[in-house]
Amino acid sequence: MKFLRPPVSDRPFAIGIPALIWQVLFFYIPLLIIVLTSFLKTTPYGIVGITFEKIAHFINPLYLRVIGFSLLLAFVNVILCFLIAYPLAYFLAFKGRKIKNFLLFLLLIPFWTNFLLHVYAWFYVLERHGFLNNMLMNLGVLKTPIILLNTPFAIIIMMVYYYLPFMVLPIYTSLERFNTSLIEASFDLGATWLQTFRRIVLPLTMRGVRAGFFLVYIPSFGEFAIPSLMGGDKIMFVGNVVSEYILGEGTASLGAAFMVVSCFILLITAVFFYWLLGRFTEPVRDRG
Amino acid sequence: MADKRKFHTHYKSAIFGKVGHLLLIASTYLFLWVPIVVLLVFSFNSESFPSPWTGFTMKWYGELIHSVSLWRAFCNSLVIALSATGISVMMGIFLIFFAAQGGRVGRYLNLFYGSIIIPETVLAVSLLGFFGLVSISLGFTTLIIGHTVLGLGFVIPMVYARFLDLDYRMTEASLVLGATPIQTFFKVTLPMLRPSLITSALLVFIISFDDFILTYFCAGSSVQTLSLYILSMIRSGVSPIVNALSALLLFISSIMALIYFQLSGRSKIF
């Protein structure tokens, strides 16, 4: 049965167009401009030619190290989020029963509250005289308080805290659609739990894992607020360098160039991970 | 029943076992909620942090209510979030209207995933450059524009996915019974899309209201939003007023999450 469509001439294309115009004008054109400015040689009189100087300026160990740190931060964050998120999503999807929705609700509330308040909340936990130090001292684990704030540890904690729901929700969605009789079939055919997980559950929910991977990986790479607030500006990441250049006097085009360089590298790693995760996505066939 | 038993035996022999799994989940939730609970408890402490618990007080809530600059920032955020939500949902409806009249939207849809693929920092910096180039001065306009871009990335895919799932027989029946396409859209299609419109509107509102990165770059010096206000308070040291503010904002987001759950077709939470 075919859906009755109104005559072709009635199609009000003009009505459908605002969203497209908005997206192109305020998303794609600005992106294009920022890429162009990092290649254009400008003087106060206008554009005088094409240059690779600005790009070349950032191809040196100092800046590549910053990019390397950002990639590492994003990667560590993604792995930790995955390790915490998968059991949680599994529990929510299969074991949660009556409290499932309540647990989802508890997961969403922090996610939906201004993230600076969470940074602030973690100050209370990680401070010299904060919750964690006090607790560890009361338990007798520590004699003197240890410094937790302004360390890489604090950055990672905050990153995982903030990005965890981005990983849980896609995995949860794909597990919720998962046909549990496949697990039973696998057990009946003699597989152990680990085999079942590795060869049935994980490959069939890899779509969700991949979505979560990129929802965490991409924004963590550009993150600058968490490293600067939790890490005390001790370690520089791409986001910090870019924001300093962009907000500095007359260095905006250099900031643009650095962003283009680092996004290019990010893109390469993202393509690699997309390919890598894609290899695990297909169910294992014809073996054993 | 036999299958069920088998499932459980194997489950117990898993690497971390049933108890281990429960412990893992419990510690995850502790990780998520301990900082918040500590924060809330200290909003009632009569002395400012890092002093330990000294006594119960509501005075920080009083100061919160009387802080003029905070409420100005709150209202700014509210105006920006409502505008961005309104504009992006409106444009979403227009696009769906176009699709409902037989327009082909599918091929443009990928354009809207862009804001998910690139880091928000990159979008923020690009927009800042763009606004400088076309000399739009930074402020409300630029923030609303930016947040609308973020919002479109959620509204359009969500509402369009719902639109594709609609029961075509309804619209067909409406057309067969003599309604015009426009009547059909407003009396049949739009009411069926209402839940997805409201949930996506809620998401856009929250994203805009809580947004920090884009706001940090595109706000300029004239507008202070709630995020920027909280940032300045954090930078200047710990103040229990921020704790009281957190309690208020957590309350607001709980209510929004409740509405979201009811509408997204899940069963009741409690």
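Residues numbered from 1 in each chain as written. Chains lettered and ligands numbered in written order. Predicted model: local features only at pLDDT ≥ 70, side-chain atom pairs only at ≥ 80, totals over all residues.

### As for the overall build of chain A
- The helix and strand tally for chain A stands at 13 helices and 2 strands.
- Whereas a compact globule of 288 residues would reach a radius of gyration of roughly 19 Å, chain A reaches 24 Å, over 25% beyond that.
- Over its C-alpha atoms, taken along the principal directions, chain A stretches across nearly 80 × 75 × 40 Å.
- Long-range contacts, defined here as pairs at least 24 residues apart, represent 70% of the contacts in chain A between residues at least 6 apart. (Helix = DSSP H or I, 4+ residues; strand = E, 2+ residues; numbered from the N terminus. Rg over C-alpha atoms; globule rule 2.2 N^0.38 Å. Contact = placed C-beta atoms within 7 Å.)

### Considering the domain arrangement of chain B
Residue and element names in this part refer to chain B.
- Segmentation of chain B into domains returns domain 1 (2–60) and domain 2 (67–263).
- In this complex, domain 1 contributes 9 residues to the contact, which on the side of domain 2 involves 9 residues.
- Looking at the side of domain 1 that touches domain 2, the element that brings in the most residues is helix α2 (residues 17–42), giving 4 residues.
- Residues that form the side of domain 1 that touches domain 2 fall into these classes: 6 nonpolar, 3 polar and no charged. (Domains from an automatic or database assignment. Nonpolar A, V, L, I, M, F, W, Y, C, P; charged D, E, K, R; others polar.)

### So, the interface of chain B and chain A
- Taken together, the contact between chain B and chain A spans 83 residues of the former and 73 residues of the latter.
- With 12 residues, α2 of chain B is the largest single contributor of residues to the side of chain B that touches chain A.
- The residue inventory of the side of chain B that touches chain A, partitioned by class, reads 58 nonpolar, 19 polar and 6 charged.

### Re the packing of helix α8 (residues 168–176) of chain B against helix α9 (residues 181–210) of chain B
Residues and elements named next belong to chain B.
- Running from N to C, α8 and α9 point in directions that differ by 165 degrees, and their axes come no closer than 10 Å. Between α8 and α9, the interaxial angle falls into the category roughly antiparallel. Between α8 and α9 lies a crossing whose hand is right-handed. In this structure, α8 uses Met170, Thr171, Ser174 and Leu175 to contact α9, whose residues at the interface are Thr184, Lys187, Val188, Thr189 and Met192.
- Residues of the contact of α8 with α9, tallied by class, amount to 4 nonpolar, 4 polar and 1 charged. (Axes fitted to C-alpha atoms, helices over the stretch in contact; angles between N-to-C directions. Parallel < 35°, antiparallel > 145°, perpendicular 65-115°, else oblique. Left-handed = near helix turned anticlockwise from the far one by under 90°.)

### So, the confidence of the model for chain B
- Taken over all residues, the pLDDT of chain B has a mean of 86, while the share at 70 or more is 91%.
- The complex model carries a pTM of 0.87, and its ipTM stands at 0.85. (pLDDT = per-residue confidence, 0-100.)

### As for the nonpolar core
- Core analysis: the largest hydrophobic core is formed by 142 residues, its most contacted members being Ala85, Ala89, Met158 and Val168 of chain A.
- Tallying contributions element by element places helix α7 (residues 152–176) of chain A first for this core, with 17 residues.
- Among the domains, domain 1 (2–60) and domain 2 (67–263) of chain B are the pair contributing at least three residues each to this core.
- Setting aside residues up to four positions removed in sequence, alanine 85 of chain A forms contacts with Leu164, Met167, Val168, Ile171 and Gly212 of chain A. (Core = buried A, V, L, I, M, F, W, Y, C linked by C-beta atoms within 7 Å. Buried ≥ 20, exposed ≤ 12 C-beta atoms within 10 Å, placed from the backbone.)

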